[in-house]
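Structural features, examined
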Amino acid sequence: MAKQPKRPDLKNCKVRTSTQPRAPWRVWYTIEENGKPRRLFKSFATENEAWSWAELKDTEVANHGIRYGDIPPEVRRAFDYYRDTSATLRELGASVPTFEELVVEVLTGIRDRLELAEHNRITVADAVELFLGYKRSRVKARQLANLRDHLARFSRDHGDKVMAAITTADVDQWLGSLRSLRNPGNLKERPLLGPLSRNHYRATLRAFWAHGEATARGWVNRNVIADLEPELVPESEPEAYSPEDVQAIMQAALDHKPELLPVLTLGFFCGLRVSEAIELDLSKLTKSATEFRTGGKTGNRIAMFRDTARAWFTAQPSRKGKAWEKSPRTLVDEMSELIELAGVVQIDNGARHSYISYRCAETKDIARVADEVGNSVSVLKKAYRSLVPTELAEPYFNIRPATPAENVVPMTGTPPETPEAAPKTRNKAR
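Everything quoted here is computed from the prediction, not taken from an experiment.

1. As for the overall build of the protein chain
Helix and strand counts for the protein chain stand at 16 helices and five strands. Here the C-alpha atoms of the protein chain give a radius of gyration of 39 Å, more than 25% beyond the 22 Å that 2.2 N^0.38 yields for 430 residues. Principal-axis analysis of the C-alpha atoms gives the protein chain an extent of 145 × 55 × 35 Å. Of all 430 residues assigned to the protein chain, the portion counted as buried reaches 36%. Looking at the protein chain alone, contacts between residues at least 24 apart form 60% of all its contacts between residues at least 6 apart. Of the roughly 26,500 Å² that the protein chain leaves accessible, carbon and sulfur atoms contribute 52%. Across the protein chain, the centroid of the 65 positively charged side chains sits 4 Å from that of the 58 negatively charged ones.

Put into structure tokens, the structure is as follows:
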């Protein structure tokens, strides 16, 4: 009879027999799973296989503890990758943290973000106030007003919701439902906003979400607006007012809305953007000035102060301060009323479009005009310059206020003293 081999004393494993005919030997051992000990067994066909595996497992548990058995294969593969890659990086001179340091850093970051998100379950309304407060000292008044107007509409519909609960679909549906705030035709239902206006709202919301996504705030885990691409905006040829229309608009402003005259003059005859015109200090426009310094989104530049512009400024009582003292929204409403009063068809940004168009016709030098108005040649060609006849440039820049006898309503507001001074009725420009 063959002598049985001497078996080692196992402290962490047990070798037992079972009634399974194909694998009658079992090795019982303990692991830690999800923080709790758990007994497992592995079956073998022969006694020697069972004891060989049991010895290795007993040594493994003795060296590393029962928690080692809970390490899944992907973690072991991750450590193998770390060991090989870190050795290569160290040969290249890199400073590589330990595997433990890497794991602790990543998991700590995840925990901190989770705690921050739970702590900052902020509503849209509260987040809007904090965002506007942050922007108040970082953007100009006009941009701040646009941010406030756009976010106020969003807050009215979603202000009570937690920011982290807002989805891309929510924002997309909201943008598609926006309607114009204006209804000059007294329609039963205001028209939906066009793609360009929706793009402006989308850009504001994207900046708002990016602010909340920053690590310092953690209001949201990701910027859901980033998934919404801008809409295509139908392109159209730039338009310009005819000299007759400009005469009608300017005279109507002089007669009925003189507070609009500075902004209109700076746009029609100096080429300023609306945002530049409303901020301009009128004290710069002296009687002897032929140019003045202005600044805008493309930086500072020198604008021309032509005789045409001077004539319209001297046609009304001089004043100092900003060209427009009220809100930009009020300016938009007042301009619409003026255009309707003048009897012309309104053109978006028509004053600046007109100046650039007639100035290009006058100089035949687009690059020069681009430098004067603070734009590139490509932008002027695409978005501003209307192809007006050259012969209309001279009449345009010779537009002057009508004499008192021709005014619809005298500036003084007193009735004419003689029949010759009686106001004449001016036909509406087409």
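2. Let's talk about the layout of surface pockets
Quantified by volume, the second largest pocket comes out at close to 350 Å³. In this structure, the second largest pocket is lined by 15 residues; those nearest its centre are Leu282, Leu285, Phe313, Ser318 and Arg319. Among the elements that line the lining of the second largest pocket, the one with the most residues is helix H11 (residues 307-314), at three residues.

3. Here's the deal with the side chain of threonine 308
For threonine 308, the position within the fold is in helix H11. Classification of threonine 308 by relative accessible area gives buried; the value is 2%. Within the structure, the side chain of threonine 308 is placed 2.3 Å from the backbone oxygen of phenylalanine 397, a separation counted as a polar contact.

4. Considering the confidence of the model for the protein chain
In low-pLDDT regions, the fine details of the predicted coordinates are not to be read closely. Taken over all residues, the pLDDT of the protein chain has a mean of 87, while the share at 70 or more is 90%. Low pLDDT (under 50) marks residues 405-430, which in the prediction has 37 contacts with non-local residues, meaning those over four places away or in another chain.

5. Structural notes on the state of the cysteines
On inspection of all chains with the given rule, the structure shows zero disulfides. In this structure cysteine 360 is not part of a disulfide, and its nearest cysteine sulfur, from cysteine 270, lies 16 Å away.

6. A look at helix H9 (residues 261-270)
Most of H9 is tucked away, with ten of its ten residues classed as buried. Every buried residue of H9 is listed here: Leu261, Pro262, Val263, Leu264, Thr265, Leu266, Gly267, Phe268, Phe269 and Cys270. Count one or two residues on from H9 and you reach glycine 271, which has phi positive near 80 degrees.

7. Structural notes on the pairing of strand S4 (residues 291-296)
Burial along S4 is one-sided: the residues Phe292, Thr294 and Gly296 are buried and none of Glu291, Arg293 and Gly295 is. With six bridges connecting them, S4 and strand S5 (residues 299-304) associate as antiparallel partners. Bridge pairing in S5 places arginine 293 opposite isoleucine 302. Hairpin connection from S4 to S5: two residues lie between these consecutive antiparallel strands.

8. Quick look at the environment of serine 242
When you line up the elements, serine 242 lands in the loop between helix H7 (195-213) and helix H8 (243-256). Spatially, the C-alpha atoms of serine 242 and valine 344 are 9.9 Å apart, while their sequence positions differ by 102 residues.

9. Structural notes on the sheet that holds strand S3 (residues 36-44)
Read from one edge to the other, the open sheet built from three strands follows the order S1-S2-S3, with strand pairing classed as antiparallel. Every interior strand has two partners, whereas the edge strands, strand S1 (13-17) and S3, have only one. Within the sheet, the average angular offset between the axes of one strand and its neighbour, ignoring direction, is 30 degrees. Of the strand pairs in this sheet, strand S2 (residues 25-33) and S3 are connected by nine bridges, and their pairing is antiparallel. Bridging across to S3, glutamate 33 finds its partner in lysine 36.

Conventions adopted
- Residues numbered from 1 in each chain as written.
- Predicted model: local features only at pLDDT ≥ 70, side-chain atom pairs only at ≥ 80, totals over all residues.
- Heavy atoms only, no water.
- Helix = DSSP H or I, 4+ residues; strand = E, 2+ residues; numbered from the N terminus.
- Rg over C-alpha atoms; globule rule 2.2 N^0.38 Å.
- Buried < 20%, exposed > 50% of the residue type's maximum accessible area, 1.4 Å probe, protein only.
- Contact = heavy atoms within 4.5 Å.
- Areas by Shrake-Rupley, 256 points an atom, 1.4 Å probe, with all protein chains shown as cover.
- Lys, Arg positive; Asp, Glu negative; His and termini not counted.
- Charge placed at Lys NZ, Arg CZ, Asp CG, Glu CD.
- 1 Å grid on protein atoms, 1.4 Å probe; cavity = no way out; pocket = protein on both sides within 12 Å on 5 of 7 lines; lining within 4 Å.
- Points joined across faces, edges and corners; volume = space filled by probe spheres on them.
- Polar contact = N/O pair within 3.5 Å; in protein donor to acceptor, adjacent residues only side chain to side chain.
- pLDDT = per-residue confidence, 0-100.
- Disulfide = S-S within 2.5 Å.
- Pairing = 2+ DSSP bridges.
- Axes fitted to C-alpha atoms, helices over the stretch in contact; angles between N-to-C directions.

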